[in-house]
Every structure is written in structure tokens, then in C-alpha cells.
Amino acid sequence: MAILPGATLGMLGGGQLGRMFVVAARTLGYDVIVLDPDPTSPAGGLASEHLARAYDDREALDHMATHCAVITTEFENIPADSVAYLAASVAVHPSADALRTAQHRRLEKDFFRAQGLATAEYLALESEADLAAAGGFPFPAILKTAQLGYDGKGQVPCDDYAALAPAFESLGGKACVLEQRIELACEVSVVLARSQAGEVDCFPIAQNSHAGGILDVSFAPAAIEPALAAEAIEAAQRIADGLDYCGVLAVEFFVSSDGRILVNEMAPRPHNSGHYTLDACATSQFEQQVRMVCGLPAGDCGQHGPVAMWNLLGDTWPDDSIPDWGRVLAEPRAKLHLYGKKEARPGRKMGHVNCLGDSVDEALELLDRIKSHLRR
Ligand SMILES: Nc1ncnc2c1ncn2[C@@H]1O[C@H](COP(=O)(O)OP(=O)(O)OP(=O)(O)O)[C@@H](O)[C@H]1O
Ligand SMILES: [Mg+2]
């Protein structure tokens, strides 16, 4: 039975993705309890109730299980055991199994391969003893920690085999995945919503560019061949089906310079490259997450018009002051989103701007103008 407005939803994690979920849920008339240990978390202040407790705090989990009709997450590194504990007494989407797969790069890649999907060549390295097995590996490569990497953190480029041992040591000798470096034509992502019954709705594909390992700009629709777009959508759908996924799922792809679509990684939640949906689509990815976990039909994923999103990182903040927001707000087709984070550290995601246009080029021109307004 569908969970209707008036009910209370639970959110594990209180970052910006949780915040935008809270906004979407409260707009629809739901209450939301957020669990996040940070008393200043972006979602906590907008929630009906914020539990500033650890993710494995049994009392807090019991409180959520008692008061929430369904629980979801915005952060794949919520301990899967906490999710399994909650799932014993309340509906939780996505499942602990889906989270476990997404939390571990090797399990994730093994899963993609088992679905018959192409990825970059990779090799799991559990300990120093495994390094010898990389003798025949197709370098150049990137060594990535198997767990807890994000925004390019926990990654070291390795041009050749000789670079591997020092790289492995610099990452703490922990379980890693060695991944072949792909010559990229571009990167794209698919954000989709999958219901408990298995219906899938995809947003238009976003094309993404990174700076310093962090997403910088996403625009939609992506400028790739229709056949590649169809292949990416098919692959994302197969991943969601293979996980019997319920909720919003994002899948990142490499488009190689020789024209192949390779699955990079997935996120079991709304994704930074789907923020454009807030201002350019009939339904946002966050409303879609509310709808999926509540057992409601998906909203329309259709796009009104071209859009380009720019991530506002802490680097944009001048020392001891704030950016000149008036210059962004003076642009009628720029939509400003700030996450309410007090401290602007370099590389920290503080907000984003969605730039609308009659074409992607026009949206990107507006984005460049805004970048130049805010340049320090
Ligand atoms: N094998 C590769 N070949 C070429 N580029 C790569 C490769 N792996 C990573 N990159 C580049 O680094 C970016 C970040 O890598 P990845 O998605 O693995 O990291 P992450 O830290 O999990 O990132 P996030 O969580 O921010 O998506 C990629 O989007 C891509 O631009
Ligand atoms: Mg990534």
C-alpha cells in the first residue's frame, strides 16, 4: 500500500542530498526524521526531527523504526548492518544488499561484469602479496581504495608497474582496485527511478566534466550518439533490475575515445549529476526518491529545456566573506541552490547553480558568465 502525505519518512544521512530529499518530501506534506551525527548537518535543520546520533546508535535506529513508515538513505556508506537492523522492523529502500554492493568497488565491478556489462580492466589487490599479479596489467592505471572513496579521494595514478607498490603503500596498504586508465571521449550518467514492482523511469542522460577529481559541470541532454545513449540506459536498467533495486539509482559511465560505453560506478541514491532535474524537469530526482520509497508511481521525468549545472565548491568563497550572490540572482535564468553549510573548505560542495537556456550552448554561456562573476 502506498505511503501517503501525513506519514513520516526516515532519512539516513544529513548532507545536501538528504536536505533536498527533505525539501521534496515536506513539499508533498510528509514529515522527515533525519539521522546524522553532525548537529549542523544540511538536512537536519529542515527536517521535522534531527537525531544527531551515530549511524549505529541502536536507540536512534529504534526511534526511527518506531516512527517512520519507510526509511531511505542519501549516503552509501551508512553501515549496511544498521540498514539490515532497521529492515527487520520497517521498510528500508534501497536494500542492505544493494548498499553492500555499492560500498565496495570490487564487489561493484564484479557485479557489473556478472550482468554482462563492460567496465575498464581491473584487478583486486587485497594485500601487498597480490601486487605481483599486476605484472601483466595494462598500465597506465589508477589505484583506488575499495571502500570509502569519493570525489576522487583515495585514488593514485600509476603510470607503470613500478609506481604500484608506493601507491599501494600511500593508500595505507588497504584493499584496493587497480583500474586501467581509459582515454575518455566524455563521461555521462543515468539517473533512474525503479519502483518496488520493477517499473523503471530514466531522466535524460547528463554529460559530466570533472575538475580535480570532483564533478564541476553537468549538462543535459548529453551530446552523445543516440545509440550510445540507448546503450547507457539499457545498462543502467540492467543494473537496477539485477539488484532488484527500489529507489533512485545513478550510474556513471565512461565513453572511451574508441566509442565504447564502460560502466564506472553506481550511487544508490540521487546523484550530483541529477541536480539539474530540480529546475529543468517536471519531477526532480528527490521527488522521485520520495515517490519510489513510498510506493507511488514515478513522476514525469521529462525535461522542459536545456540546462547546465555548476557545482559551487568552497574554493569559490573569498577569504573571510561570502560570494556576491546578488550577481547570480540578477540572472533570471540562473537558479541558485545553497546547502546551508557554514564552513567553506576547498573542495567542499556548498551549493550548485542550474543555468537554463534555449540550447545547451546558451546554458553553458550563462554558466561561464556566472563563473566569471564569482571568480575570486
Ligand atoms: N579508469 C579511469 N580512466 C579515466 N578516468 C578515470 C578513471 N577512473 C576515474 N577517472 C576520473 O576520475 C573521476 C572520479 O573517479 P571515480 O568516479 O572512480 O571516483 P569517486 O571518488 O568515486 O568519485 P565520485 O564519488 O565523486 O563520483 C571520474 O569521473 C573520471 O573523470
Ligand atoms: Mg564517480
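Treat the numbers as computed from the prediction; the structure is a model and nothing was measured.

Reading the values: the criteria
Residues numbered from 1 in each chain as written. Chains lettered and ligands numbered in written order. Predicted model: local features only at pLDDT ≥ 70, side-chain atom pairs only at ≥ 80, totals over all residues. Heavy atoms only, no water. Donors = N, O, S within 2.8 Å, 3.2 Å for Na, K, Ca; no water. Helix = DSSP H or I, 4+ residues; strand = E, 2+ residues; numbered from the N terminus. Domains from an automatic or database assignment. Core = buried A, V, L, I, M, F, W, Y, C linked by side-chain atoms within 4.5 Å. Buried < 20%, exposed > 50% of the residue type's maximum accessible area, 1.4 Å probe, protein only. Contact = heavy atoms within 4.5 Å. Pairing = 2+ DSSP bridges. Axes fitted to C-alpha atoms, helices over the stretch in contact; angles between N-to-C directions. Arc of directions from axis to C-beta. Polar contact = N/O pair within 3.5 Å; in protein donor to acceptor, adjacent residues only side chain to side chain.

1. A closer look at the coordination of the magnesium ion (ligand 2)
- Distances from the magnesium ion (ligand 2) to its protein donors, Glu 252 (OE) and Glu 265 (OE), fall within 1.9 to 2.2 Å. Residue Glu 252 is found in strand β14 (residues 247-256), and its partner Glu 265 is found in strand β15 (residues 261-267); the two are separated by 13 residues along the sequence.

2. Observations regarding the domain arrangement of the protein chain
- Segmentation of the protein chain into domains returns domain 1 (8-92), domain 2 (121-180) and domain 3 (184-374).
- Between the C-alpha centres of domain 1 and domain 2 there is a distance of 34 Å.

3. Some thoughts on the nonpolar core
- Within the largest apolar cluster, 29 residues are counted, with the highest numbers of intra-cluster contacts made by Val 188, Ile 239, Leu 249, Val 251, Phe 253 and Met 266.
- Elements with a contribution of two residues or more to this core: α4 (96-102), α5 (105-114), β10 (184-194), α7 (226-242), β14 and β15.
- When residues in this core are grouped by element, the largest group, seven residues, is from α7.
- Excluding residues that lie within four positions of it along the chain, Val 188 makes contacts with Ile 205, Ala 206, Gln 207, Asn 208, Ala 222, Ile 224, Val 251, Glu 252, Phe 253 and Val 255.
- One finds Leu 17, Ala 24, Ala 43 and Cys 294 within the second-largest nonpolar core, a separate group that totals 22 residues.

4. Examining the sheet that holds strand β5 (residues 91-92)
- Strand order across the open sheet formed by five strands is β3-β2-β1-β4-β5, with parallel pairing between neighbours. Edge positions in the sheet fall to β3 (49-51) and β5, since each of these pairs with one other strand and no more.
- Relative to strand β2 (residues 31-35), strand β1 (residues 8-12) is paired through five bridges, and the arrangement is parallel. Bridging from a neighbouring strand, Met 11 pairs with Val 34 of β2.
- Of the strands in this sheet, β1 and β4 (70-73) are in contact with helix α9 (residues 285-293), which crosses β4 at around 140°.

5. Looking at helix α2 (residues 58-67)
- When we look at burial in α2, the residues that qualify are Ala 60, Leu 61, Met 64 and Ala 65. For α2, the angular spread of buried residues about the axis comes to 140°, placing them on one side. Relative to its buried face, α2 has exposed residues pointing more than 90 degrees away, namely Glu 59 and Thr 66.
- Looking at the packing, one finds that the buried side of α2 touches β1, β2, β3, β4 and α3 (80-87).
- One side-chain oxygen at the N-terminal end of α2 lies 3.0 Å from the backbone nitrogen of Glu 59; it belongs to Asp 57.

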